[in-house]
Amino acid sequence: MADAQNVKAAYRQLADEVKEKEDDLIQPKSEALVDVVSRANDLFEKVETANEGAEDSKLMAHIAYIGRKKVQEVKTDAVYFSPSEFVQKLSDYTLQGEEGVLQSEHWTMLGKAVQNFFKRPPTCTFLLGSFAKETQQKKERVKRVRVEKDDNSKDKSTAVKKIANDDETLETTAHDVSKRVLPQLIKLCDHSKGPIDYYEFVVDPDSFGRTVENMFHVSFLIRDGLAEISLDSDHLPVIRPTKYGRSGTLEGREKELLELPRHQVVNYITIQQWRELIETFKIKKARIPPRKS
C-alpha cells in the first residue's frame, strides 16, 4: 500500500513540474521534454493498480499536448515568414541605417531596386488573318480617278479649318472653366478654410451627365496648375486652388509650374457609383452651377 501511494505521489509531483515548466518545455531548442518522458517511463514500470495507471494516462496526455505545441513552434525557412523581421529588413535597406519614416523617395528607390525581379505581363496582340485557309479571289483593278488640283486644295483647306476649330473649342472650354468653376472653388475653400471634398464639388445630384462634365472641366484646372488634388487623412480626394489659381494668371511662371511634381490619374465614374456618392455624402445641391445655354 505504501508503494502505491509513493508511485501516485511521484506521478503528481512530475505532473506539477510539467505544468510549471510548460513554457520551457515547448521551446524548439529545449531537451527537457525528453527527460520528462524518460522519468514517466521509469514510473510506469512500478504501476500495478488501476489508479496508478490513470495517473500515468493523465500525465502522458499532458506530455503529448506539450509535444504538439513544441512541433508547432518549430520554424523552417521554407514555410515560415516573419512580418516584423521583413519590415525591419525593409526599413534598414531603404533608410540605410538612419532613423525615420519611409518617404516617397524611399519607395521609389526600392521599386527601382526590385523591378528586375518581376516579369512584365504579356501584351495583347492580334492575329494576322484567320486560322482557316481561304482562297483568295483576284480583285479587279479599278482605275483611279484623277482629282483636279483645285478640289484637292479645297479638301486640305477644309481639314486645316476643322483642326483650327477644334483647338478653338478647347480654348473656349478652358476659358469657360476658369471663369465659371474656379471662382466657385475658391469661394467654397475660403468658406471651409481649407480644401473641400472632390466628389462633393463635382457631383451634381440631379444629373449624371453634368457630373461627368464637371469632372472633365475640373481636369482643365488641374492641367493648367490652377487647382490641385490630394488625399486627406481618410484617403479621400480633396481639391483646392493653387496660388496660381488664386492670382488668376500664370504669366511669367510657366517655368516654375513645369518643375512642380505631377501625377497623371485616369478617373471614371459609373451611374451606380454616382448614386452611391450622392447617398454617402448626402449631396442635395450641385456645387458647380450648370453652363448657360
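These lines cover the structure that appears in this document, whether it is placed above or below. All values reported here derive from a predicted model rather than from experimental measurement. (Residues numbered from 1 in each chain as written. Predicted model: local features only at pLDDT ≥ 70, side-chain atom pairs only at ≥ 80, totals over all residues. Heavy atoms only, no water.)

**Considering the sheet that holds strand S1 (residues 196-197)**
- Read across the open sheet, the 3 strands follow the order S1-S3-S2; overall the sheet is antiparallel. Looking at strand neighbours, the two that pair on one side only are S1 and strand S2 (227-231), the edges of this open sheet.
- Alignment of S1 against strand S3 (residues 237-241), held across 2 bridges, turns out to be antiparallel. Across the sheet, Asp197 pairs through a bridge with Val238, a residue of S3.
- Relative to the sheet, helix H9 (residues 208-223) contacts S2 and S3, its axis offset from that of S2 by approximately 100°. (Pairing = 2+ DSSP bridges. Helix = DSSP H or I, 4+ residues; strand = E, 2+ residues; numbered from the N terminus. Contact = heavy atoms within 4.5 Å. Axes fitted to C-alpha atoms, helices over the stretch in contact; angles between N-to-C directions.)

**A closer look at a nonpolar patch on the surface**
- Where nonpolar side chains cluster on the molecular surface, the patch consists of Val114, Phe117 and Phe118 and spans about 360 Å² of accessible area.
- On the secondary structure map, Phe118 appears in the loop between helix H6 (104-114) and helix H7 (149-192).
- By relative accessible area, which is 60% here, Phe118 ends up exposed. (Patch = residues over 30% accessible without salt bridge, like charges linked within 9 Å, V, L, I, M, F, W, Y side chains within 5 Å. Areas by Shrake-Rupley, 256 points an atom, 1.4 Å probe, with all protein chains shown as cover. Salt bridge = Lys/Arg side-chain N within 4 Å of Asp/Glu carboxyl O. Buried < 20%, exposed > 50% of the residue type's maximum accessible area, 1.4 Å probe, protein only.)

**Considerations on the pattern of salt bridges**
- Applying the stated criterion to the full structure yields 8 salt bridges.
- For Arg12, the salt bridge identified is with Glu55, shortest N-O distance 4.0 Å. Highlighted residues: Arg12 in helix H1 (residues 2-20) and Glu55 in helix H4 (residues 50-73), separated in sequence by 43 residues.
- When the shortest N-O distance is used, the salt bridge between Glu200 and Arg287 registers 3.9 Å. Residue Glu200 is located in helix H8 (residues 198-202), and its partner Arg287 is located in the segment after helix H12 (271-281); the two are separated by 87 residues in the primary sequence.
- Via salt bridges that share partners, Arg12, Glu55 and Lys58 belong to a single interconnected network.

**Describing unusual backbone geometry**
- The residue Lys193 is not glycine, and still its phi comes out positive at about 55°.
- Along the chain, Lys193 falls in the loop between H7 and S1.
- The backbone of Lys282 sits at a positive phi, close to 50°, despite the residue not being glycine.
- Mapped onto the elements of the fold, Lys282 is located in the segment after H12.

**Observations regarding the packing of helix H3 (residues 32-44) against H4**
- The contact between H3 and H4 brings their axes to 11 Å, and the two run at 165°. By the angle between their axes, H3 is roughly antiparallel relative to H4. Our pair here, H3 against H4, has a crossing hand that is left-handed. Along its contact with H3, which presents Leu33, Val36, Val37, Ala40 and Phe44, the element H4 presents Asp56, Leu59, Met60, Ile63, Ile66, Gly67 and Lys70.
- Split by residue class, the contact of H3 with H4 holds 9 nonpolar, 1 polar and 2 charged. (Parallel < 35°, antiparallel > 145°, perpendicular 65-115°, else oblique. Left-handed = near helix turned anticlockwise from the far one by under 90°. Nonpolar A, V, L, I, M, F, W, Y, C, P; charged D, E, K, R; others polar.)

**Brief notes about the side chain of His62**
- By the secondary structure assignment, His62 is in helix H4.
- A distance of 3.5 Å separates polar atoms of two side chains, one belonging to His62 and the other to Glu22.
- With residues near it in sequence (within four places) discarded, His62 still touches Val18, Lys19 and Glu22. (Polar contact = N/O pair within 3.5 Å; in protein donor to acceptor, adjacent residues only side chain to side chain.)

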